[in-house]
Amino acid sequence: DRRRRGGMAARAWGSRARGVRAGAAGAAPATTIVVDARSYVPVGVSHCFSKNEDGMFEDRLLVEPISASSLECMSLGAPTSFKAVTALELGAAQGLDGPEALPAAFHGAELCADFPGRAEAAARTWTREHAREELMGLVPLGTVKEDFNFNVDRPRVINAVHIVTDDDNIKQDKSIDVYGRFDEEEKGGGEGGSEGSGEGAPVAR
């Protein structure tokens, strides 16, 4: 079956996927991940959105490399913005000028920012044993898979800007409040609580 064939092909990549880099004198050797032009990398077409100057959302189709963990989650039925996935060799992926050389499901999309760099980063995740043996068969080289749980109920906005406010800082303080300071203040038990009000002291902003 596909997964078995993919696993057999994966062993060929696995034999050259890792190298050993010597550490500093007296230190234990460090393992470094090696990829080359023939390394496996899947890419998908993702339905995203961007916000225009009027604050309205516009559809954007992006071609993005996919890590091993992401594709595994998608194969298990997790909701995803990816409509289709194909698999390439890293050299071919980094040589793309646009989606025209990809299957028809990718036409009309655009390559994501820093596509070559992201393709290399994704390829590194596919050198691990679990990815080579268990996941490469999900999308063998040159094939297209489209039966994912496509869902854009929670849209990906690629140009969204989050402005940090004082409220965000307070929420973070509460999340790490191991001494229960905020609980005491909210119950009116903290020092400086408003006398006779029954309410805790206001939170500093």
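Up top is the structure.
Account for the overall build of the protein, naming residues and giving values.
Counting secondary structure elements, the protein contains seven helices and seven strands. Listing every helix and strand of the protein by position from the N terminus yields α-β-β-β-β-α-β-α-β-α-α-β-α-α. A sequence separation of at least 24 residues applies to 64% of the contacts in the protein between residues at least 6 apart. When the accessible area of the protein is evaluated, it comes to approximately 12800 Å², of which 49% is carbon and sulfur surface.

Tell me about the sheet that holds strand β3 (residues 40–51), and name the residues and values.
One open sheet accounts for five strands, arranged β6-β4-β3-β5-β7; its pairing is mixed. Only two strands of the sheet have a single neighbouring strand rather than two, namely β6 (110–111) and β7 (144–145). Alignment of strand β5 (residues 82–89) against β7, held across two bridges, turns out to be antiparallel. Across the sheet, the residue bridging to V85 is K145, located in β7. Sitting on the sheet, helix α4 (residues 115–125) is in contact with β3, β4 (57–65) and β6, with an inclination near 55 degrees to β4.

Break down unusual backbone geometry for me, with residues and values.
Of note in this structure, D114 is not a glycine but carries a positive phi near 50 degrees. Given a relative accessible area of 54%, D114 falls into the exposed group.

Help me get a handle on the side chain of T86, residues and values and all.
Secondary-structure assignment places T86 in strand β5. In terms of polar contacts, T86 uses its side chain to reach the backbone carbonyl oxygen of T143, at 2.7 Å. Once you skip the residues sitting within four places of it in the chain, T86 turns out to touch V41, P42, V43, L102, P103, F106, V139, G142, T143 and V144.

Provide a residue-level description of the pattern of salt bridges, including the pertinent values.
Pairing of side chains with opposite charge becomes possible as their charged atoms draw close. The final tally for this structure, using the stated rule, is five salt bridges. Between R124 and E120 there is a salt bridge, with its nearest N and O atoms 2.7 Å apart. Placement of the pair is R124 and E120 together in helix α4, with a separation of four residues, close to one helical turn. According to the relative accessible area criterion, R124 is partly exposed, its value standing at 29%. Overall, E120 belongs to the partly exposed group, its relative accessible area being 29%.

Any chance you could break down the environment of G117 for me, citing the residues and the numbers?
The residue G117 is located in helix α4 in this model. Here G117 falls in the partly exposed class, since its relative accessible area comes to 32%.

Account for the nonpolar core, naming residues and giving values.
Among the nonpolar cores identified, the biggest contains 18 residues, and V63, F106 and F115 are the most heavily contacted of them. Where this core is concerned, the elements lending two or more residues are β3, β5, α3 (90–94) and α4. Among the elements that line this core, the one with the most residues is α4, at four residues. Not counting residues up to four positions away in its chain, the partners in contact with V63 are V43, G44, P99, L102, F106, A109, E110, L111, C112 and F115. Of all hydrophobic cores here, the second largest spans 15 residues; its members include I66, A68, L71 and V85.

Hey, could you go over the layout of surface pockets for me, with residue numbers and the actual values?
Counted as a void, the largest pocket has a volume near 210 Å³. S70, M74, T80, S81 and F82 are, among the 13 residues lining the largest pocket, the residues nearest its centre. Of all elements in the fold, only β4 and α2 (68–75) reach the threshold of two or more residues within the lining of the largest pocket. Broken down by class, the residue content of the lining of the largest pocket amounts to seven nonpolar, three polar and three charged.

Quick rundown of a negative patch on the surface? Include the residues and the values.
On the surface, a cluster of negative charge is made up of E53, D54, E58 and D59. With a relative accessible area of 39%, E58 lands in the partly exposed category.

Now, about the pairing of β4: what can you tell me, with residues and values included?
Alignment of β3 against β4, held across nine bridges, turns out to be antiparallel. Paired with K51 across the strands is F57, a residue of β4. Where β3 hands over to β4, the hairpin turn is made up of five residues, of which G55 adopts a positive phi near 80 degrees. Relative to β6, β4 runs parallel, the two being bridged by two bridges. Directly across from V63, in β6, lies its bridge partner L111.

What counts and how
Residues numbered from 1 in each chain as written. Predicted model: local features only at pLDDT ≥ 70, side-chain atom pairs only at ≥ 80, totals over all residues. Heavy atoms only, no water. Helix = DSSP H or I, 4+ residues; strand = E, 2+ residues; numbered from the N terminus. Contact = heavy atoms within 4.5 Å. Areas by Shrake-Rupley, 256 points an atom, 1.4 Å probe, with all protein chains shown as cover. Pairing = 2+ DSSP bridges. Axes fitted to C-alpha atoms, helices over the stretch in contact; angles between N-to-C directions. Buried < 20%, exposed > 50% of the residue type's maximum accessible area, 1.4 Å probe, protein only. Polar contact = N/O pair within 3.5 Å; in protein donor to acceptor, adjacent residues only side chain to side chain. Salt bridge = Lys/Arg side-chain N within 4 Å of Asp/Glu carboxyl O. Core = buried A, V, L, I, M, F, W, Y, C linked by side-chain atoms within 4.5 Å. 1 Å grid on protein atoms, 1.4 Å probe; cavity = no way out; pocket = protein on both sides within 12 Å on 5 of 7 lines; lining within 4 Å. Points joined across faces, edges and corners; volume = space filled by probe spheres on them. Nonpolar A, V, L, I, M, F, W, Y, C, P; charged D, E, K, R; others polar. Patch = residues over 30% accessible without salt bridge, like charges linked within 9 Å, V, L, I, M, F, W, Y side chains within 5 Å. Lys, Arg positive; Asp, Glu negative; His and termini not counted. Charge placed at Lys NZ, Arg CZ, Asp CG, Glu CD.

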